[in-house]
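# Understanding the architecture of this molecule
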Amino acid sequence: MLTRRRFVTASAIAGAGLAAGCAARKNSAWEFLSEKDARTLTAICDQIIPADDFPSASQAGVLTYVDRQLVRHFQRFQKAYIKGLNHANLLSRKRFSLDLAEATPQQKLQIVSAIEQQNPEFFELVRSHTLQGYYGSPRHGGNREGVSWRMLGLSEPPIRGSAQYDLASGSRP
Amino acid sequence: MKRWLIICGFAICSVTLLAVGVTQGASLYYAAGHGAACADCHEMAEYASAVHSSPHDNATCTDCHQASLFTRLRHIQVHLAGSAPETIRLREVDVRQMIANCKSCHEHEYASWRAGPHSATYTEIFADPAHISKRGLMDDCFRCHGMYFDGAIRDLVQPQNTRGPWHLSHPELAGQPTIPCQACHWIHREGPPETKPPARISVAGPIVPQSLGFFDRREGMHFAAATLAIPTLYDGPRQLKASPDQRQAICYQCHAPRLPEANSTAAANHWGPQAGSGDDRTPMGVHEGLSCFSCHNSHNESARASCATCHPEMSHCGLDVEKMDTTYANPASKHNIHWVKCTDCHQHGLPRVKCVVTVAAR
Amino acid sequence: MKRVNAVVIGAGAGGGIVAKELSMAGLSVVLLERGKWYTPYDCRKDDLRNQRTAVLGNAFGPEDHGNPRVWVDPAGAEHIALPSDGIYQNNAACVGGGTFSYGAMAWRYLPQDFRMKSTYGRPEGSSLEDWPIGYDDLEPFYEKAEYEIGISGDYSGTPFHGPRRRPLPMPPLPPNREFEILEPAAKRLGLHPFHIPMARNAVPYNGRGSCMRCRWCVGFACEVDAKNGSQNTVIPTALSTGNCELRTKCMVKEILTDNGGSARGVAYFDADGHLQEQPSDIVVVSACAIESARLLLNSKSRLFPNGMGNRYDQVGRNLQGHHYTGAVGYFDFDTYDDIGPGASIAVTDYNHGTPGLCGGGLLANEFIRLPIQMIDRMPSDTPRWGLGHKRAMRDFYKRNIVVMGPTQQIPAADARVTLDSTVRDKWGLPVARISGNVHPHTFEIGKKQADRAAAWLKETGAVSISRFAGKGVLVSAGQHQAGTCRMGDDPRSSVVNKQCQIHDVDNVFVIDSSVHVTNGGFNPALTIMAIAYYASEALLRNWKGTQFRS
């Protein structure tokens, strides 16, 4: 599997020219996740934060957040993710003979509840990362355009005027 | 000797050819896929796809992002070295270079901006003794001036005190604008082409254009004007009538009120944020309820001509408003045009009978 | 390298003040700081990468790479902790130290806080002790800190504070909505609510403007420079004397000793990783409780085989911080007004005087909360995920008040910092190993404090309340860490004397929270600052020309 990050490194090592390098196609739109991983993770994240009047986790970009950090600050969780996502599909196939991404919303909910019971460590990891991505700063890829802050009624950026003081005298001009 | 010349000439030619070829090659490559190929490697798919559903759809990337030769060579160098970053963003210098490209299509808006105070330069904002000695230097200055500057305030101006004399650590920025087009315009924003706002005065204002967005330096992204807040303001204890024109939200990001401060009358009386505090210019008095855009053109904030859209027809007292003692007639007047009230002059109450003096038609 | 009069290790609350006081008195000073001199641009108010929410790392140091610690769980198993893990007990690594990004509460301890053993007796199994100095000794220096650093607030609403000669130099910021909701309820309960003293400009002070009341305070650098720490007050003053040189990104390896048992300087790794020696007449250790202890333990020599000042195995013991407990009240009306810094009202009625309890702590409302800080503070019947959680975020984000406080910990000798025998940091130095917990009586006090917070919120009209008073698996000593180089008269039970001088080394001083015998029921910053002024004055009294004599 050639994801974007691995691809950039590979092309640099091979010393491939600019045109030749960029013309090659990667297999995944993600930096770490494969397309299949991404579909499975979407299914889980969107149970943790489903859509209502406001977007679901994946609609708000939570996958971008998790995917980017898996090759950055969350590198140490790479294995846990791969194992956890495989386990999620295993559960789904055993119970419904379907990959998790293909299951119905009802079935997805059942599987995610099962993950919470059977694989709590992985569930807590995904839960905390999902909430971080959804409610955290948009610069990291989640909370697209600050949508969760708007949902909570926060004005962003807040309106704050600058001080009108004469600092030399400490008084208002 | 002749042979040496030939070799030399050949070498010069090939280096030039290589340089031109490589630079143009990159540009062509860039342009060819409408940026799509670039987005394969760089974290920019969102931008590339958004621009296709924006009013700038028929522009190619390089129409706006035409970088200098030096920048292009740098791009080639980092690509060959394999050190091209995945997440690319505009540096201050890239933003500046784009302004010229904006100008090539939006000449009128450019000229208007250039003539107004929103094109203030780094020197005018960050090395003006009258200003800094009073207000001090802080990172928050960049919220509204130099929002694309790559660094902290101490990287731009020294010394960091209120005594000076100050100098810019980046002399190349001296004459450059601190509020570029991209401060308020979100070029990649999806949406239909902007329609010209109606010329007549409007309190409600038109629907806010999609491409209007405030660049928030902290997040490194624009927030759409449609989602920005308009503050609820007070004149003493009384809540002000506010125009619902959502376009103003972008003005309020910088022309913002302060919360009541320690030792202030407003704080002592538990009043809300006061109109006219901080950098706020929300109209009170005779102009209460008007939108910023009722009087101000968005690119050049000069509002002098706009009076004629309402006056003299709408003069309450039949006097020539342009000759009254306000900052319109005299910038030193204590009656700021934003919050001049009838009672500023009629301190004992308004005349019961409306004046019938007619101002001669101009 | 040219010999200097003093090397000060750590440019935080303590070290910054010592550097300023010594350099103003004409001593040549080198101020060594392991971190950088950051700016607000290094964080840009990142909700996920700051000094309080560090899920993507700390904004103001130390970085996750190469700075591990080891912690020991109650079963005795060892674990590696990274600086962005909560259990690491991080404060900061930067110029300004914790004061660069703190919430900036600036409390004086109460007179009883310096006499805990005399007031309450020593609970069995604890190491509760009196300070060898009292509130009266520190009062002039508290005042000096309040005026030089710049503190706003108003103590007039409460009788529960030590005697003071002058009021605070600045009035408090105008009250926010939480203040206005909590104040009448506290008064109905017979409490004495008042404005929290804060190292934050409420009016222009020291040539800088006042707080703009934004959402990003505790954990962040101030973009209007209205939050006062050592980086924008005493350190610039020290540098402007021309006698003080600040060297950043310099990690001190050890304090070097001569054959007579005195320090002759320090060995440190400079910004490029090269080992340097800086000779000096005196050495001041101000690296915060965990790192100060680690440095002394790492400073082994023939005369000090177990580390400097550690003849009686006291260095690193009595590690303490604060046991934070309290309650969240949920309301059926909006309590949130988006006005920072948020924390505004406190009561100190519960710091002392409850029969059967050794002390207590202040209770105050919490700093303004970013959404990310709310995700696990929902009413107890809220689902942890799914639509229920999302709706609860929406329903309660603007409708909750947190009242909590730093319960004074009852110290225990085996809550301690030692050196790990195998794990090394990026410079190859043995890392801190943290083990043990505070005395269990602390948790009884904490539980009582949570009940009191809940009672206050109930009186305020909260429709539901959840308490938090959990007992940690490890001593809780993060940003408020203290106690590892205890001040005392007896060398067998303490590390430094009243002047913060190491008992058996005349020219080495520890001037930071490490010397706190007990840590009060208050945020410790102002006390660290007061002690730094107090110890600097004592040091300068004993300074003879170019030599130090005790």
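All of the points below concern the structure found in this document.

## A word on the overall build of chain A
From N to C terminus, chain A includes eight helices and zero strands. N-terminal to C-terminal, the α/β element order of chain A is α-α-α-α-α-α-α-α.

## Describing helix H7 (residues 387-396) of chain C
In an α-helix there are 3.6 residues to a turn, and that puts residues three or four apart on one side. Along H7 of chain C, the residues that are buried comprise His 389, Lys 390, Ala 392, Met 393 and Phe 396 of chain C. Down the axis of H7 of chain C, the buried set is contained in an arc of 160 degrees. They therefore lie on one face. Looking at the packing, one finds that the buried side of H7 of chain C touches helix H7 (120-135) and helix H8 (147-151) of chain A together with strand E11 (322-330) and strand E14 (400-408) of chain C.

## A few points about the packing of aromatic side chains
Residue and element names in this part refer to chain B. Per the counting criterion, the structure on display carries 23 aromatic pairs over all chains. Judged by centre distance (5.5 Å) and plane angle (50 degrees), the rings of Tyr 110 and Trp 113 are tilted. Separated by three residues within a single helix, Tyr 110 and Trp 113 lie in helix H7 (residues 107-115), roughly one turn from each other. The residues Tyr 110 and Trp 113 share a single accessibility class, namely buried.

## So, the state of the cysteines
Using the criterion set out here, one finds one disulfide over all chains in the structure. Shown here is the disulfide that connects Cys 144 of chain B with Cys 254 of chain B, its sulfur atoms set 2.2 Å apart. Of note, the bridge from Cys 144 of chain B to Cys 254 of chain B carries an S-S torsion of about -105 degrees and is left-handed in sense. Pair noted here: Cys 144 of chain B is in the loop between helix H9 (129-135) and helix H10 (153-156) and Cys 254 of chain B is in the loop between helix H11 (248-252) and helix H12 (265-268), with a separation of 110 residues, a long-range link. For the pair Cys 144 of chain B and Cys 254 of chain B, a shared accessibility class is recorded, and that class is buried. Looking at Cys 222 of chain C, it has no disulfide partner, and the nearest cysteine sulfur is the one in Cys 211 of chain C, 6.7 Å off. You can call Cys 222 of chain C partly exposed: its relative accessible area is 22%.

## Observations concerning the interface of chain B and chain C
The interface is formed by 22 residues belonging to chain B together with 23 residues belonging to chain C. Both faces combined, the contact of chain B with chain C buries some 1,800 Å², and carbon together with sulfur accounts for 55% of it. For the interface between chain B and chain C, the tally reads zero salt bridges. Applying the counting criterion to the chain B and chain C interface returns seven residue pairs in polar contact (both at pLDDT 80 or more).

Procedures and definitions
Sequence positions are assigned chain by chain, starting from 1 and proceeding in written order. Each chain is given a letter, starting from A, and each ligand a number, starting from 1, according to the order in which they appear as written. At least 70 in pLDDT is required for a residue's local features to be given in this predicted model, at least 80 for side-chain atom pairs to be given and counted, and no such filter applies to totals for whole chains, interfaces and linings, which use all residues. Working from all heavy atoms in the structure, the side-chain values ignore hydrogens and water. Put simply, DSSP H or I for four residues or longer makes a helix, DSSP E for two residues or longer makes a strand, and each gets a number counted from the N terminus. The buried label goes to any residue with under 20% of its type's maximum accessible area, the exposed label to any with over 50%, and the partly exposed label to all in between, with areas taken from a 1.4 Å probe on protein chains only. For this quantity, the arc is that covered by the directions from the helix axis to the C-beta atoms. Residue contacts follow a heavy-atom distance rule, with two residues in contact if any of their heavy atoms lie within 4.5 Å. Put simply, two rings from Phe, Tyr or Trp (the six-membered ring, in Trp's case) pair if the centres are within 6.5 Å, and we call them stacked under 30 degrees between planes, edge-to-face over 60, tilted for the rest. Note on terminology: disulfide denotes any pair of cysteine sulfur atoms within 2.5 Å. The term buried area denotes the loss of accessible surface (1.4 Å probe radius) that occurs when two parts are joined, taken as the sum for both partners. Here, a salt bridge means any side-chain nitrogen of Lys or Arg that lies within 4 Å of a carboxyl oxygen of Asp or Glu. Any N or O atom pair separated by 3.5 Å or less is treated as a polar contact, with the protein-specific requirement of one donor-capable and one acceptor-capable atom, and with residues adjacent in sequence counted only for side-chain atom pairs.

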